[in-house]
Amino acid sequence: MIVPHATSPRAVTKAVIPAAGLGTRFLPATKATPKEMLPVVDKPAIQYVVEEAAAAGLHDVLVVTGRHKRAIEDHFDNAFELEQALAAKGDAARLDAVRDPARLADIHHIRQGEPLGLGHAVLCARRHVGDQPFAVLLGDDLIDPRETLLSRMLDVRDRHAGSVIALMEVRPEQIHLYGCAAVEPTGEDGVVRVTGLVEKPSRQDAPSGYAVIGRYVLDPAVFGILERTPPGRGGEIQLTDALQELAAGGTVHGVVFDGLRYDTGDKADYLRTVVRLACDRDDLGPEFTAWLKEFVAGLETGTRPGRRPLAA
């Protein structure tokens, strides 16, 4: 269990979760269902993200949504009829599961009127956040609940001020999929100073092997920069461009993460995430793992468990 982060006069208390994307990589499933609501075992992906924020002591959460994202708001609201039906049945376990999302944090919602990119989505949070530092958690990146990445980032923000981003070392052939950071050592284990950022560079142009993953603790100065940042790659306002300006001023640090991260924005990684988290569950793991071993063995021998022979 993560111990909630201690509060101080300028402590981070608010989290922003951008959730306005169209989810085109998961069509047709996301035609009518927000990609953030796709189930990871038996919880939508966005619930894991809110749980992570709450575990780190961030109980004021703003979700930036878009059109056709009403299901996210409904999920974190009370469902009186469903709760009454479960209570009448005496189904306490499912009743708690239904109530839990609304009890995680004080959750607010705002719509991003136009799909102008991550930087614009963060800018939409300006009025809610005010002049306080805040965290940004992307819903595509799930961090294993046993990890303490966000709490570590909050600690670094307390010591160094400025902004803090999460970094993960990736293989050279993958770096073009991420924002990439130029870094220099600080003398502190697992913490680097970020001197520059490049959005999705080629392998040859990447300044390092450190990719930016979806966790940020941002100084409110980022809002002024985003407001005057022109559209960049893909015609969108890129958060990376604003962070590049902050990094040039020496106010951005990176926390290097080598723990368990699940990328649910990719179909293959989404499937791997479901399998790994299901195997970790006490209620599902033993039976599911046994079936999985049998299934893999069947693939290797050319037979599939439970497959019925074709009729003659």
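A brief structural summary. Every value quoted in this text rests on a predicted model; they were computed, and no experiment measured them.

1. Some thoughts on the pattern of salt bridges
Working definition: two side chains of opposite charge can pair if their charged atoms are close together. Using the criterion set out here, one finds 22 salt bridges in the structure. A salt bridge links R99 to E83; its shortest N-O distance comes to 3.4 Å. Within this pair, whereas R99 is found in helix α4 (residues 92–103), its partner E83 is found in helix α3 (residues 80–89), the two being separated by 16 residues in sequence. A salt bridge links D141 to R261, with the nearest nitrogen and oxygen atoms 2.7 Å apart.

2. Notes on the environment of R146
Counting through the fold element by element, R146 comes out in the loop between β7 (141–143) and α7 (149–160). A residue is classified by how much of its surface remains accessible, and R146, at 56% relative accessible area, is exposed. Not counting the four nearest positions on each side in its chain, R146 is found in contact with L260, Y262 and D280. There is a polar contact of 2.8 Å between the side chain of R146 and the side chain of D144. Polar contacts involving the side chain of R146 include one to the side chain of D280, which spans 2.9 Å.

3. So, the packing of helix α10 (residues 267–280) against helix α11 (residues 285–301)
Their axes nearest at 7 Å, the elements α10 and α11 cross at an angle of 130°. The orientation of α10 with respect to α11, classified from their angle, is oblique. Here α10 contributes V275, A278 and C279 to the contact with α11, which in turn contributes G285, F288, T289 and L292. Here the contact of α10 with α11 is built from residues that sort into five nonpolar, two polar and no charged.

4. Focus on the nonpolar core
Core analysis: the biggest nonpolar cluster contains 43 residues, and I46, L58, V61, L137 and L149 have the highest contact counts within it. At six residues, the largest contribution of residues to this core is made by helix α1 (residues 45–55). Sequence-distant contacts of L58, that is, excluding residues within four places in its chain, are made with V12, T13, K14, A15, A53, A135, L150 and L154. Core analysis: the second largest hydrophobic core is formed by 32 residues, V16, V194, F223 and L243 among them.

The rules we used
- Residues numbered from 1 in each chain as written.
- Predicted model: local features only at pLDDT ≥ 70, side-chain atom pairs only at ≥ 80, totals over all residues.
- Heavy atoms only, no water.
- Salt bridge = Lys/Arg side-chain N within 4 Å of Asp/Glu carboxyl O.
- Helix = DSSP H or I, 4+ residues; strand = E, 2+ residues; numbered from the N terminus.
- Buried < 20%, exposed > 50% of the residue type's maximum accessible area, 1.4 Å probe, protein only.
- Contact = heavy atoms within 4.5 Å.
- Polar contact = N/O pair within 3.5 Å; in protein donor to acceptor, adjacent residues only side chain to side chain.
- Axes fitted to C-alpha atoms, helices over the stretch in contact; angles between N-to-C directions.
- Parallel < 35°, antiparallel > 145°, perpendicular 65-115°, else oblique.
- Nonpolar A, V, L, I, M, F, W, Y, C, P; charged D, E, K, R; others polar.
- Core = buried A, V, L, I, M, F, W, Y, C linked by side-chain atoms within 4.5 Å.

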